[in-house]
Amino acid sequence: MAEAMEAFSERLQEAGLKSTKQRDVIVERFFWLDKHISADELLEDVREHQPRIGYATVYRTLKLLVEQGFALPKDFGDGQTRYDPIHNQDPQHDHLICVDCRKIIEFNDEGLNERIQAIAEKMQYQVRRKKIELYAECQIPACPSHPDHQGA
């Protein structure tokens, strides 16, 4: 996380932008949480550390993280934009999303990537980017939506 914070701070300076205490708290929490998070979820977490931070400040900071290449906005079909921290992360990772509890798991399968590349080459294409999102029902007993938890 310290590395991500330092890289973000350097990027701000290069862009001629100033660091603020509120922005630093938001960015620190964003990298510390290290998960796909909505602006509302991040605001809730940030307010535990700085109660006076408002939604607009969180939203503007997330926008800045995206503009500076430290986050990607994602839409997983639940009506909320979630932000994926991408500092020092494989940009080609894919996602598995539980359709019940909305848990999002990142994965990277080299065999799958090789197969995709082979298919594209066979059809005389070159892959520039890919986006794989698997929507599935969790089979994890700890999931609040698992049948073992229904009616409990």
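Residues numbered from 1 in each chain as written. Predicted model: local features only at pLDDT ≥ 70, side-chain atom pairs only at ≥ 80, totals over all residues. Heavy atoms only, no water.

Where an unreviewed UniProt entry is consulted, the protein appears under the name Transcriptional repressor, with the organism given as Lujinxingia litoralis. Turning to the protein, the UniProt annotation filed under Sequence similarities (unreviewed entry) states: "Belongs to the Fur family." Check the Subcellular location (unreviewed entry) section of the UniProt entry for the protein; it says "Cytoplasm". (UniProt positions renumbered as here; feature names shortened; annotations may be inferred.)

Asker: I keep staring at the UniProt feature "binding site: Zn(2+)" (unreviewed entry) in the protein and nothing clicks. Help me out?
Answerer: As annotated in UniProt, the feature "binding site: Zn(2+)" (unreviewed entry) corresponds to C98, C101 and C138 in the numbering used here. A stretch of 41 residues holds the annotated residues, and the largest C-alpha distance among them is 8.0 Å, short enough that they meet in one place. Along the polypeptide, C101 turns up in the loop between strand 4 (94-98) and strand 5 (104-107). When you line up the elements, C138 lands in the segment after strand 6 (133-136). (Helix = DSSP H or I, 4+ residues; strand = E, 2+ residues; numbered from the N terminus.)

Asker: Looking at this model, I keep getting lost on the sheet that holds strand 6. Mind explaining?
Answerer: Through backbone hydrogen bonds, the strands of a sheet pair up, either in parallel or in antiparallel fashion. One open sheet holds the three strands; their spatial order is 5-4-6, and the pairing between them is mixed. At either end of the open sheet lies a strand with only one pairing partner, and these are strand 5 and strand 6. Within this sheet the neighbouring strands show an average axis-to-axis angle of 20 degrees, counted without direction. Relative to strand 5, strand 4 runs antiparallel, the two being bridged by four bridges. Within strand 5, the residue paired with L96 across the bridge is I105. (Pairing = 2+ DSSP bridges. Axes fitted to C-alpha atoms, helices over the stretch in contact; angles between N-to-C directions.)

Asker: What's the story with a nonpolar patch on the surface in this structure? I'm lost.
Answerer: A cluster of nonpolar side chains, contributed by L96, I105 and L134, occupies part of the molecular surface with about 210 Å² of accessible area. Here L96 shows up in strand 4. (Patch = residues over 30% accessible without salt bridge, like charges linked within 9 Å, V, L, I, M, F, W, Y side chains within 5 Å. Areas by Shrake-Rupley, 256 points an atom, 1.4 Å probe, with all protein chains shown as cover. Salt bridge = Lys/Arg side-chain N within 4 Å of Asp/Glu carboxyl O.)

Asker: Got a minute to help me understand the domain arrangement of the protein in this structure?
Answerer: A common way to state how big an interface is: give the accessible area lost once the parts meet. What the domain assignment lists for the protein is domain 1 (1-89) and domain 2 (91-151). Taking only C-alpha atoms into account, the centre of domain 1 sits 24 Å from that of domain 2. Between domain 1 and domain 2, the contact holds nine residues from the first and nine residues from the second. At the surface where domain 1 touches domain 2, the tally comes to zero salt bridges. The tally of links from domain 1 across to domain 2 stands at one residue pair in polar contact (both at pLDDT 80 or more). (Domains from an automatic or database assignment. Contact = heavy atoms within 4.5 Å. Polar contact = N/O pair within 3.5 Å; in protein donor to acceptor, adjacent residues only side chain to side chain.)

Asker: Can you walk me through the pattern of salt bridges in this structure?
Answerer: Any two side chains of opposite charge can pair if their charged atoms end up close together. Throughout the structure, instances matching the rule amount to five salt bridges. Taking the shortest distance from any N to any O, the salt bridge between K63 and E67 comes out at 3.5 Å. Linking K63 with E67, this pair stays in helix 4 (residues 55-67), spanning four residues, or about one helical turn. Between D94 and K130 there is a salt bridge whose closest N-O contact spans 2.7 Å.

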